[in-house]
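Tertiary structure, described
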Amino acid sequence: MVSKCPACNGLTQLEESCPLCSSPLEDCGTISIYLDPYGPYEEPEETTTEGETVTGDDQCVHFLQCPSCDENICYTVSRDQI
Ligand SMILES: [Zn+2]
Ligand SMILES: [Zn+2]
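So, here is what we can say about the structure in this document. Just so it is clear, the model here is predicted, and its values are computed rather than measured. (Residues numbered from 1 in each chain as written. Chains lettered and ligands numbered in written order. Predicted model: local features only at pLDDT ≥ 70, side-chain atom pairs only at ≥ 80, totals over all residues. Heavy atoms only, no water.)

1. Quick look at the sheet that holds strand β2 (residues 59–65)
On the basis of which strands lie adjacent, the open sheet formed by 3 strands has the order β1-β2-β3 and antiparallel pairing. The open sheet terminates on both sides in strands that have one partner only, identified here as β1 (26–30) and β3 (72–78). Averaged over all adjacent pairs, the angle separating strand axes in this sheet is 35 degrees, with direction ignored. (Pairing = 2+ DSSP bridges. Helix = DSSP H or I, 4+ residues; strand = E, 2+ residues; numbered from the N terminus. Axes fitted to C-alpha atoms, helices over the stretch in contact; angles between N-to-C directions.)

2. Re the coordination of the zinc ion (ligand 2)
For the zinc ion (ligand 2), the full set of protein donor atoms is Cys18 (SG), Cys21 (SG), Cys66 (SG) and Cys69 (SG), at a range of 2.3 Å. Classification of the site at the zinc ion (ligand 2) rests on its 4 donor atoms, whose angles at the metal span 101 to 123 degrees, yielding the label tetrahedral. In primary sequence terms, the donor set of the zinc ion (ligand 2) follows C-x2-C-x44-C-x2-C. Of this pair, cysteine 18 sits in the segment before β1 while cysteine 66 sits in the loop between β2 and β3, placing them 48 residues apart in sequence. With respect to burial, cysteine 18 and cysteine 66 carry one shared label: buried. (Donors = N, O, S within 2.8 Å, 3.2 Å for Na, K, Ca; no water. Tetrahedral: all angles 85-135°; square planar, octahedral: opposite > 155°, others 65-115°. Buried < 20%, exposed > 50% of the residue type's maximum accessible area, 1.4 Å probe, protein only.)

3. A closer look at the side chain of histidine 62
The residue histidine 62 is located in strand β2 in this model. Within polar-contact distance, the side chain of histidine 62 engages the side chain of aspartate 27 at 3.0 Å. Each residue touching histidine 62, except ones within four places of it in the same chain, is listed here: Cys5, Ala7, Cys8, Leu14, Asp27, Gly29, Thr30, Ile31, Ile73, Cys74, Tyr75 and Val77. (Polar contact = N/O pair within 3.5 Å; in protein donor to acceptor, adjacent residues only side chain to side chain. Contact = heavy atoms within 4.5 Å.)

4. Details of the coordination of the zinc ion (ligand 1)
Only Cys5 (SG), Cys8 (SG), Cys60 (SG) and His62 (NE2) from the protein coordinate the zinc ion (ligand 1), and they sit 2.0 to 2.3 Å from it. Its 4 donor atoms give the zinc ion (ligand 1) angles of 104 to 114 degrees at the centre, a pattern that matches the tetrahedral case.

5. Quick word on the environment of cysteine 74
With respect to the secondary-structure elements, cysteine 74 resides in strand β3. Taking the C-alpha atoms as reference points, cysteine 74 and isoleucine 31, separated by 43 residues in sequence, lie 7.4 Å from one another. Contact partners of cysteine 74, with chain neighbours within four places excluded, come to Ile31, Val61 and His62.

Set out below in structure tokens:
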């Protein structure tokens, strides 16, 4: 019921800067959205009731995109940051 990720829970905001132009990156959500464009063919190996993909034990990977130059990075949020 409780997500492990503070960013998903709104407990914290990701404040990363673009490595190219230093603009503040926008949090586009968890990376699972982008890794699963053909959903129906994915094997339900790991099922989470929260509808959130959990990478590793206590990590959540967020997709951050720069609104200025379209640079994007993956940012791993750890539960330790709570
Ligand atoms: Zn998250
Ligand atoms: Zn940028």
